[in-house]
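As a plain string of letters, each chain reads:
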Amino acid sequence: MMYPKKPSKKKHQTHKDSILQARDGRCYICMKNGSDRTWPILHKHHAFLGANRKIAETEGLYVFLCPDHHEFGTDAVHRNYEILREIQRDAQKAYEENHSRQQFMKLFGRNYLED
């Protein structure tokens with residue numbers, strides 16, 4: 001006799017708020033460049049990609065970017081390696097305000113402040 005499967009619930013993971021910026025409608029890179037402009041749409045960008053993306057999400061190491069600075073502009077983080085590295089250095093500095101360098105290295109396996 002066959003029984004219907006019970007629907008499974010996904011476990012909801014709780015994530016920290018960004019430790020780099022408040023979600024106030026401003027783009028992180030625009031703010032660093034001195035602009036106070038607010039945007040109706042912001043994209044969430046994790047400071048560390050690939051296998052480290054989930055860790056970055058859990059630790060609050062992400063920023064909010066306008067579409068131009070995220071994907072489409074010449075200074076977009078996905079097109080400009082230097083901008084990506086700048087966000088990664090800022091993320092490591094912010095993390096190390098409350099943790100040690102060894103803890104950061106254990107999580108991410110690399111020191112972004114010395115490359």
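None of these values were measured; they are calculated from a predicted model.

About the cut-offs
- Residues numbered from 1 in each chain as written.
- Predicted model: local features only at pLDDT ≥ 70, side-chain atom pairs only at ≥ 80, totals over all residues.
- Heavy atoms only, no water.
- Helix = DSSP H or I, 4+ residues; strand = E, 2+ residues; numbered from the N terminus.
- Rg over C-alpha atoms; globule rule 2.2 N^0.38 Å.
- Buried < 20%, exposed > 50% of the residue type's maximum accessible area, 1.4 Å probe, protein only.
- Contact = heavy atoms within 4.5 Å.
- Areas by Shrake-Rupley, 256 points an atom, 1.4 Å probe, with all protein chains shown as cover.
- Lys, Arg positive; Asp, Glu negative; His and termini not counted.
- Charge placed at Lys NZ, Arg CZ, Asp CG, Glu CD.
- Salt bridge = Lys/Arg side-chain N within 4 Å of Asp/Glu carboxyl O.
- Expected span 1.5 Å × (residues − 1).
- Polar contact = N/O pair within 3.5 Å; in protein donor to acceptor, adjacent residues only side chain to side chain.
- Core = buried A, V, L, I, M, F, W, Y, C linked by side-chain atoms within 4.5 Å.

**Q** How should the overall build of the protein chain be read in this particular structure?
**A** What the protein chain contains, in helices and strands, is 5 helices and 2 strands. Sequence-ordered secondary structure for the protein chain, helices as α and strands as β, is α-β-α-β-α-α-α. Since a compact globule built from 115 residues should have a radius of gyration of about 13 Å, the 17 Å found for the protein chain marks it as more spread out than a globular shape. Burial analysis of the protein chain (115 residues in total) assigns 40% to the buried set. A fraction of 53% describes how many contacts in the protein chain between residues 6 or more apart in sequence connect residues 24 or more apart. When the accessible surface of the protein chain is totalled, it reaches about 8,100 Å², and 50% of it is carbon and sulfur. If the 20 positive side-chain charges of the protein chain are averaged to one point and the 15 negative ones to another, these points end up 12 Å apart.

**Q** Please explain the pattern of salt bridges as it appears in this structure.
**A** Note on pairing: side chains with opposite charge can pair once their charged atoms come close. Taken as a whole and judged by the stated rule, the model has 8 salt bridges. Of the charged contacts in the structure, one is a salt bridge between R26 and D24, with a shortest N-O distance of 3.0 Å. On the basis of relative accessible area, D24 is assigned to the partly exposed category, the value being 36%. In this structure, E57 and K44 form a salt bridge, with 2.8 Å as the shortest nitrogen-oxygen distance. Pair noted here: E57 is in helix 2 (residues 53-59) and K44 is in strand 1 (residues 43-46), with a separation of 13 residues, a long-range link.

**Q** Would you explain the environment of K6 in this entry?
**A** Examined against the element boundaries, K6 turns out to sit in the segment before helix 1 (28-32). In this structure K6 comes out as exposed when scored by relative accessible area, which is 76%. Between the C-alpha atoms of K6 and L84, which are 78 residues apart in sequence, the distance is 44 Å.

**Q** Got a minute to help me understand the side chain of Q92 in this structure?
**A** Tracing the sequence through the fold places Q92 in helix 4 (residues 81-96). By relative accessible area, which is 0% here, Q92 ends up buried. When near neighbours in sequence (up to four residues on either side) are disregarded, Q92 contacts R101, F104, R110, N111, Y112 and L113.

**Q** I'm lost on helix 4 in this one. Help?
**A** Think of an α-helix as turning once every 3.6 residues; residues three or four places apart then point the same way. The end-to-end C-alpha separation of helix 4 is 23 Å, in line with the 22 Å expected for 16 residues at 1.5 Å each. Looking only at helix 4, the buried set comprises I83, L84, R85, I87, Q88, D90, A91, Q92, A94, Y95 and E96. Where the residues of helix 4 are buried, they touch helix 1, strand 1, helix 2, strand 2 (62-65) and helix 5 (101-108). For helix 4, the side-chain oxygen to backbone nitrogen distance between the N-cap and E82 is 3.0 Å, and the N-cap itself is N80.

**Q** Got a minute to help me understand the nonpolar core in this structure?
**A** One recurring pattern in soluble globular proteins is that nonpolar side chains are buried together. Ranked by internal contacts, the top residues of the largest apolar core, which has 26 residues, are C27, F48, L61, L65 and I87. Sorting the residues of this core by element identifies helix 1, strand 2, helix 4 and helix 5 as the ones contributing at least two each. Looking at this core element by element, the count peaks at 6 residues for helix 4. The contact partners of I87, leaving out residues within four places of it in the chain, are Y28, I29, H45, A47, V63 and V77.

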